[in-house]
Number of protein chains: 2
Amino acid sequence: MKVLLAEKAGFCYGVRRSIDIAFKALNNKDSSNVCSLGPLIHNPQMVEKLKEQGLEVVEELEKIDHNTVLIIRSHGVHPETLKRAQKIARKVIDATCPFVKKAQHLTQFLYDEDYLIYIVGEAEHPEVLALQGFACEQAKVVASASEIKAINKKSKIGIIAQTTQNPKNLAEVSKALSTVTKELRVFNTICNATLLRQKSALKLASTVDIMIVLGGKNSANTSRLAVLCKQIKETTHHIETADELKKSWFKGGEIVGITAGASTPDWIIEETVLRLKKWFNN
Amino acid sequence: MKVLLAEKAGFCYGVRRSIDIAFKALNNKDSSNVCSLGPLIHNPQMVEKLKEQGLEVVEELEKIDHNTVLIIRSHGVHPETLKRAQKIARKVIDATCPFVKKAQHLTQFLYDEDYLIYIVGEAEHPEVLALQGFACEQAKVVASASEIKAINKKSKIGIIAQTTQNPKNLAEVSKALSTVTKELRVFNTICNATLLRQKSALKLASTVDIMIVLGGKNSANTSRLAVLCKQIKETTHHIETADELKKSWFKGGEIVGITAGASTPDWIIEETVLRLKKWFNN
């Protein structure tokens with residue numbers, strides 16, 4: 001059995017950075033407790049590993065005190081929440097992904113420059129809720145061009161995208177807004193990590209007999225990878241760890257492809273590859 | 001016979017302004033000769049009337065001298081041409097349409113700010129050739145989104161539109177460029193005079209028996225009006241003056257609609273209305 005790995009798979013830059021920051025904070029831990037505001041990433045195994053090392057997950061600021069070192073997770077936080085956290089916690093470590101941070105700065109810039117702001121994204125997503133804070137809750141959030149309602153006359157419109165948005169969506173919203181204003185300024189804040197993983201996975205899926213997608217069942221980007229691969233290769237399986245592998249899946253197959261979501265750690269990928277090699281004597 | 005006039009018809013703001021400027025220059029004329037660089041507008045009758053008042057048309061700067069008062073026509077001129085004219089002529093009067101002027105300033109702004117510039121328009125149109133001058137000939141001119149070629153990597157792209165462009169065209173180009181760059185800045189420099197005339201003409205054409213479109217046969221916007229009206233009303237006639245009217249066109253008709261291009265003077269519209277009223281005793 002041949003095992004092939006997708007060219008782009010696993011941790012994106014922002015996720016890897018937030019994990020590094022968390023481990024560093026845990027290593028420097030003294031008498032304080034180290035917490036993250038919400039789970040650091042959408043991978044239960046990695047969150048569990050961090051918990052074993054001492055990283056607590058708190059959902060509300062009310063749960064922390066002046067002895068807490070608080071880590072802000074990669075998709076960022078509302079500026080008011082950050083301010084409140086800084087007042088309560090002993091120390092706040094901001095692990096917001098630099099690409100998300102850039103989108104936050106650009107949102108604030110558009111707000112300061114008096115643009116009417118549109119955020120292309122999911123209204124309830126934590127990243128988008130945080131971006132809204134940088135526009136003093138004045139931005140309009142649209143999931144697609146069809147959600148654009150009648151525009152109040154404004155001479156300048158600015159567009160920001162949730163970093164994991166599909167570029168086609170941003171393009172359609174840009175098209176719809178380009179002629180209803182005197183000036184349209186589009187900041188393409190889409191990070192291409194998601195798209196690159198999808199492209200690599202689809203390329204690989206079309207050349208293998210069985211496809212394995214690794215990552216949290218609660219991870220939106222991993223689940224999307226699995227759905228896309230299944231459209232190409234019916235024998236696609238979405239699992240969180242090597243323990244879920246079943247020998248029967250590989251009967252008659254010669255090549256297995258592996259991919260992983262942006263929040264899936266390397267050791268889960270490595271364990272899976274090793275398990276397959278052990279089973280099939282490669 | 002009832003005669004109805006389109007709600008929006010005839011001179012646009014920029015054309016009317018250039019005519020006013022020309023008449024004022026002719027009134028103030030002393031020993032100098034007053035010229036326009038190219039015909040002031042695309043209406044032979046108005047150009048002839050201005051000629052009778054003393055306005056010469058020159059096609060090249062070589063034809064003027066230090067005794068010339070030179071009028072720059074409404075669609076503007078290349079900045080180098082303007083500079084050369086100012087060196088040769090006694091006086092240069094700039095009758096560039098303020099909306100075109102704004103597009104020129106914005107093109108220069110985008111160039112100074114290091115944007116890769118796209119002009120949505122006709123490459124050989126004098127307005128576009130002049131705009132190119134404000135981008136030091138570095139702008140890419142595209143008539144539609146399909147003309148966009150592979151993009152050199154540039155973090156900022158700016159879009160300017162020829163003032164008479166169709167908004168749909170600008171929207172498609174904005175869509176195509178919005179996701180190939182980190183920042184897209186679209187200045188919607190389209191003047192809505194052309195579109196308003198088209199909308200009014202089509203609205204009227206659907207309610208009348210005969211449609212008359214007035215304006216220069218060499219006027220692109222008037223010819224376009226005639227084509228659009230003919231699609232709605234087969235009995236559409238494009239004429240330059242009332243003398244071209246034929247009684248036979250109106251046989252059996254009860255309502256006649258009249259529209260006129262952006263370069264058609266009011267007196268041509270008035271003469272036509274009067275002629276019809278005289279013929280049909282209204």
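Residues numbered from 1 in each chain as written. Chains lettered and ligands numbered in written order. Predicted model: local features only at pLDDT ≥ 70, side-chain atom pairs only at ≥ 80, totals over all residues.

Student: Explain the overall build of chain A to me, please; I cannot follow it from the model alone.
Tutor: Within chain A, the regular secondary structure consists of 9 helices and 12 strands. Over its C-alpha atoms, taken along the principal directions, chain A stretches across nearly 65 × 55 × 20 Å. For chain A, with 282 residues in total, the buried portion stands at 44%. Look at the contacts in chain A between residues 6 or more apart in sequence, and 73% of them connect residues 24 or more apart. (Helix = DSSP H or I, 4+ residues; strand = E, 2+ residues; numbered from the N terminus. Buried ≥ 20, exposed ≤ 12 C-beta atoms within 10 Å, placed from the backbone. Contact = placed C-beta atoms within 7 Å.)

Student: Explain the relation of the copies chain B and chain A to me, please; I cannot follow it from the model alone.
Tutor: The relation between the two chain copies is a rotation about an axis coupled with a shift along that axis. Overlaying chain B with chain A gives an RMSD of 0.0 Å, the required rotation being 180 degrees about an axis along which the chain moves by 0.0 Å. Put plainly, the chains are arranged around a two-fold axis. Mapped onto chain A, 100% of the interface residues of chain B again fall at the interface, so both copies present the same surface. (Least-squares fit on C-alpha atoms with pLDDT ≥ 70 in both.)

Student: Help me out: how do you make sense of the interface of chain B and chain A in this one?
Tutor: Where interface size is given, it is often the accessible area lost as the parts come together that is meant. The interface of chain B with chain A comprises 16 residues on the first partner and 16 residues on the second. Put simply, the parts of the chain that give the side of chain B that touches chain A at least two residues each are helix 6 (167–177) and strand 9 (183–187) of chain B. The greatest single-element share of the side of chain B that touches chain A, amounting to 6 residues, is contributed by helix 6 of chain B. Of the residues that constitute the side of chain B that touches chain A, the class distribution is 6 nonpolar, 5 polar and 5 charged. Sheet analysis places strand 9 (residues 183–187) of chain A next to strand 9 of chain B, joined by 5 bridges and oriented antiparallel. Paired with A:Val186 across the bridge in strand 9 of chain B is B:Leu184. (Nonpolar A, V, L, I, M, F, W, Y, C, P; charged D, E, K, R; others polar. Pairing = 2+ DSSP bridges.)

Student: Even after reading the chapter, I still don't get the pairing of strand 10 (residues 210–214) of chain B, so can you show me in this structure?
Tutor: Working note: regular strand, side chains alternate between the two faces of the sheet. All names here are of chain B. Across the 5 residues of strand 10, 5 count as buried, placing the element largely inside the fold. Covered by surrounding structure in strand 10 are Ile210, Ile212 and Leu214 together with Met211 and Val213, the residues of both alternating faces. As paired elements, strand 10 and strand 12 (residues 255–260) share 5 bridges and run parallel to each other. Considered in strand 12, the bridge of isoleucine 210 is made with valine 256. For strand 10 and strand 11 (residues 236–239), the ladder comprises 4 bridges, and the chain directions are parallel. Each bridged residue has a counterpart across the sheet, and for leucine 214 the counterpart in strand 11 is isoleucine 239.

Student: Before we go on, may I ask you to explain the sheet that holds strand 10 of chain B in this structure?
Tutor: By way of backbone hydrogen bonds, the strands of a sheet pair with one another, either parallel or antiparallel. Residues and elements named next belong to chain B. Strand order in the open sheet made by the 4 strands is 1-12-10-11, with parallel pairing throughout. Among the strands making up the open sheet, the edge pair consists of strand 1 (2–5) and strand 11. Geometrically, the sheet is characterised by an average inter-axis angle of 20 degrees between neighbouring strands, direction not taken into account. Contacting strand 1, strand 10, strand 11 and strand 12, helix 7 (residues 193–205) runs over the sheet at an angle of about 170 degrees to strand 12. Against the sheet, helix 9 (residues 266–280) engages strand 1, strand 10 and strand 12, with an angle of about 165 degrees to strand 12. (Axes fitted to C-alpha atoms, helices over the stretch in contact; angles between N-to-C directions.)

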